Amino acid sequence: MGSGSVTFILIIVIIVVVLSLFFTFVPVGLWVTAFFAGVRVKISTLIGMRLRRVAPSKIINPLIKATKAGLHLSANQLEAHYLAGGNVNTLVDALIAAQRAEIPLDFDRGAAIDLAGRNVLEAVQVSVNPKVIETPLISAVAMDGIEVIAKAKVTVRANIDRLVGGAGEETIIARVGEGIVTTVGSAKSHSQVLENPDSISQMVLTKGLDSGTAYEILSIDIADVDVGRNIGAKLQTDQAEADKRIAQAKAEERRAMAVASEQEMLAEIKRMRSKVVEAESRIPIAIAKALEEGNIGIMDYYRMENINSDTKMRNSISGVDTSNSNKDNK
């Protein structure tokens, strides 16, 4: 093989490599698709997207879809939304769905909703087809003390104008639960609630629970109502038990005070007995002194001793012991 053939093959390889790199970097096929779809975009714009690290297909394909749907969007708008972190394909689908449903939604509003973290396509779909939110079991107590357990189904429609900054489903569920508790709590008896469960939904609807939220409440339907515990009777039982414990505590306090008072009286009795013993111990001394001074005679003393002996004998016969020492031992 001559040197000319080698040179020719080398040139062919270089051309193939250059063309491969060119068609890889420049999305010519995408530009042709856009051209025949009626989307006028410059090849330099596609090259600029490559340089800005933006996949041209993620911009041009949604742009083709929007153009075919009759929306007037530009590649710069979609690219800016993509660079801001938005979902271009979802946004275009939402705009097309809103246009078909005659819902007023422009590009700026849809982009704001998408960048706010909400699914703008789902919001449009909920605006067209209302969504049913089912609340958990809600426990409320009527005025007669009977617990009523209710479950509600809330039909809501997305409010496009309040999607940015509006509260979500959790707020709707919390407000509906609060309304059910308030309505049941104002009922005179649980039977009244069971007879007219629709009165709960009517009362809750009048409270304007959807203010400040991203939804508009269409209806509130009570799906299930059950009778729970007798809360009033349980509270009365607990109160009676508490009163009983308080009374027992007060009675124990009075008993302790009575025992303390009794002990104080016993101590006082012993103290007085000690004084009697002390006084009795002075009697022989006083008698001796009286004998010495001649205030009493010896016969008087004998008569007094006889009287004491007779008294002790009678007491012993009757079973009474007047001895101070025996009293103290007892």
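Before going into details, it helps to say that this report is about the structure given with it. Since the model is a prediction, treat every value here as computed from it, not as a measurement.

### Overview of the nonpolar core
Moving on, step 1. Grouped together as the largest cluster of nonpolar side chains are 58 residues, with contacts concentrated most on Leu73 and Ile180.
Moving on, step 2. With residues near it in sequence (within four places) discarded, Leu73 still touches Leu63, Ala66, Leu78, Val92, Leu95 and Phe107.

### Description of the pairing of strand S2 (residues 138-141)
Sheet faces and side chains relate simply in a regular strand, where the side chains alternate between the two faces.
Moving on, step 1. Side chains Ile138 and Ala140 project from S2 onto a buried face, and the interleaved Ser139 and Val141 project onto a face without burial.
Moving on, step 2. Note that S2 and strand S3 (residues 146-158) share 4 bridges and pair antiparallel. Looking across to S3, one finds that Val141 is bridged to Glu147.
Moving on, step 3. Between S2 and S3, which pair antiparallel and follow one another directly, the connecting turn spans 4 residues, one of which, Gly145, has a positive phi of 90°.

### What to know about the pattern of salt bridges
Moving on, step 1. Scanning all chains against the criterion turns up 8 salt bridges.
Moving on, step 2. Of the charged contacts, one joins Arg245 and Glu241 as a salt bridge, the two residues approaching to 3.6 Å between their closest N and O atoms. Taken as a pair, Arg245 and Glu241 lie in helix H12 (residues 231-281) at a separation of 4 residues, close to a single helical turn.
Moving on, step 3. Note on Arg245: relative accessible area 55%, which makes it exposed.
Moving on, step 4. Since its relative accessible area comes to 35%, Glu241 is described here as partly exposed.
Moving on, step 5. Connected via shared salt-bridge partners are Glu122, Lys131 and Glu169.

### Thoughts on the packing of helix H5 (residues 75-83) against helix H7 (residues 107-115)
Moving on, step 1. With their axes 11 Å apart at the nearest point, H5 and H7 run at an angle of 15° to one another. By the angle class used here, H5 and H7 are roughly parallel. Relative to H7, H5 is oriented so that their crossing is right-handed. Two secondary-structure elements touch here, H5 through Gln77, Leu78 and His81 and H7 through Phe107, Ala111, Asp114 and Leu115.
Moving on, step 2. Across the contact of H5 with H7, the residue classes break down as 4 nonpolar, 2 polar and 1 charged.

What counts, and at which threshold
Residues numbered from 1 in each chain as written. Predicted model: local features only at pLDDT ≥ 70, side-chain atom pairs only at ≥ 80, totals over all residues. Heavy atoms only, no water. Core = buried A, V, L, I, M, F, W, Y, C linked by side-chain atoms within 4.5 Å. Buried < 20%, exposed > 50% of the residue type's maximum accessible area, 1.4 Å probe, protein only. Contact = heavy atoms within 4.5 Å. Helix = DSSP H or I, 4+ residues; strand = E, 2+ residues; numbered from the N terminus. Pairing = 2+ DSSP bridges. Salt bridge = Lys/Arg side-chain N within 4 Å of Asp/Glu carboxyl O. Axes fitted to C-alpha atoms, helices over the stretch in contact; angles between N-to-C directions. Parallel < 35°, antiparallel > 145°, perpendicular 65-115°, else oblique. Left-handed = near helix turned anticlockwise from the far one by under 90°. Nonpolar A, V, L, I, M, F, W, Y, C, P; charged D, E, K, R; others polar.

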